[in-house]
Amino acid sequence: MEFFCYHRDRPGSMPLRMELLAAHWSYMDRFAEQMIARGPTLDGDTATGSLHILDLPDQAAARAFAFDEPGYQAGAYRDVLLRRWQNRLGRTMWEFPGGRTGGDRYLVLGFGEGEPADLAVPEQAGLIAYGPLLSDDGASWLGTAALLVAADPAAARAVLTPDRYAAIETHRWQFGGRPS
């Protein structure tokens, strides 16, 4: 089962996150084979959250992943968005033809309202990851998440149908993992 996990930073937690960076990477190393995508969201050069999309055996494993993370345990995050997810591109971020660098990259989150929307993969260049956010049992559509390269936040946001969501968030994002 695929899961979308987004830890949102608590304001002022950057010193704590930096202190825990080695522990965070060591923790994530345990899940390297299950990772579909990962990386920080940013406001300028300041991290605002930590995104991980991964394939885990079940909801209990996903909850353990999210809540045993060292930053979460130490209080660096204000909240966690954990949802079932469906990998509509069928690849990892490392298989994205555009590579790790080049262009502005974004996380776009659409929080669903009403009938499911944007279930088909849009014909848009620059998609890194794309899929619906689902209820714990996978039966109900709760929204859509996309990682993509775009000219600016407005162009990134346009990947989703605006009037089909209660809210749409756009965050700058970058490929994560240990520096090479």
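Figured I'd write up the structure that's included with this text. (Residues numbered from 1 in each chain as written. Predicted model: local features only at pLDDT ≥ 70, side-chain atom pairs only at ≥ 80, totals over all residues. Heavy atoms only, no water.)

### A closer look at the packing of aromatic side chains
What the rule picks out here adds up to 6 aromatic pairs. Arranged with centres 4.8 Å apart and planes meeting at 85 degrees, the rings of Phe 31 and Phe 65 form a pair that is edge-to-face. Linking Phe 31 in the loop between helix 2 (21-29) and strand 2 (35-43) with Phe 65 in helix 3 (residues 59-68), this pair joins segments that are 34 residues apart in sequence. Ring centres 4.9 Å apart and planes at 70 degrees place the aromatic pair Phe 67 and Tyr 72 in the edge-to-face group. The exposure class assigned to Phe 67 is partly exposed, which follows from its relative accessible area of 29%. (Phe/Tyr/Trp six-rings, centres within 6.5 Å; stacked < 30°, edge-to-face > 60°. Helix = DSSP H or I, 4+ residues; strand = E, 2+ residues; numbered from the N terminus. Buried < 20%, exposed > 50% of the residue type's maximum accessible area, 1.4 Å probe, protein only.)

### Focus: the pairing of strand 5 (residues 104-112)
Of the pairings in the sheet, the one linking strand 5 to strand 7 (residues 141-150) comprises 8 bridges and is antiparallel in character. Each bridged residue has a counterpart across the sheet, and for Val 108 the counterpart in strand 7 is Ala 146. Alignment of strand 5 against strand 8 (residues 165-173), held across 7 bridges, turns out to be antiparallel. Residue pairing across strands places Phe 111 opposite Ala 167, the latter belonging to strand 8. (Pairing = 2+ DSSP bridges.)

### Some details on helix 2
For helix 2, every residue scored as buried is listed here: His 24, Trp 25, Tyr 27 and Met 28. Each buried residue of helix 2 lies within a common arc of 160 degrees when the element is viewed along its axis, so the set occupies one face. Residues of helix 2 that are buried make contact with strand 2, strand 3 (46-55), helix 3, helix 4 (70-74) and strand 4 (77-85). (Arc of directions from axis to C-beta. Contact = heavy atoms within 4.5 Å.)

### Examining the nonpolar core
Counting 19 residues, the largest nonpolar core has Phe 4 and Leu 147 as its most contacted members. The biggest single contributor to this core is strand 6 (residues 127-134), with 3 residues. If near-sequence neighbours (up to four positions away) are discounted, Phe 4 is found in contact with Leu 51, His 52, Ile 53, Leu 81, Leu 82, Arg 83, Trp 85, Leu 107, Leu 109, Leu 133 and Ala 145. (Core = buried A, V, L, I, M, F, W, Y, C linked by side-chain atoms within 4.5 Å.)

### Overview of the side chain of His 7
Its place among the elements puts His 7 in strand 1 (residues 2-9). Of the polar contacts made by the side chain of His 7, one reaches the backbone oxygen of Ala 66; its length is 2.8 Å. Apart from residues lying up to four places away in sequence, His 7 is in contact with Gly 49, Ser 50, Ala 66, Glu 69, Tyr 72, Tyr 77, Asp 79 and Val 80. (Polar contact = N/O pair within 3.5 Å; in protein donor to acceptor, adjacent residues only side chain to side chain.)

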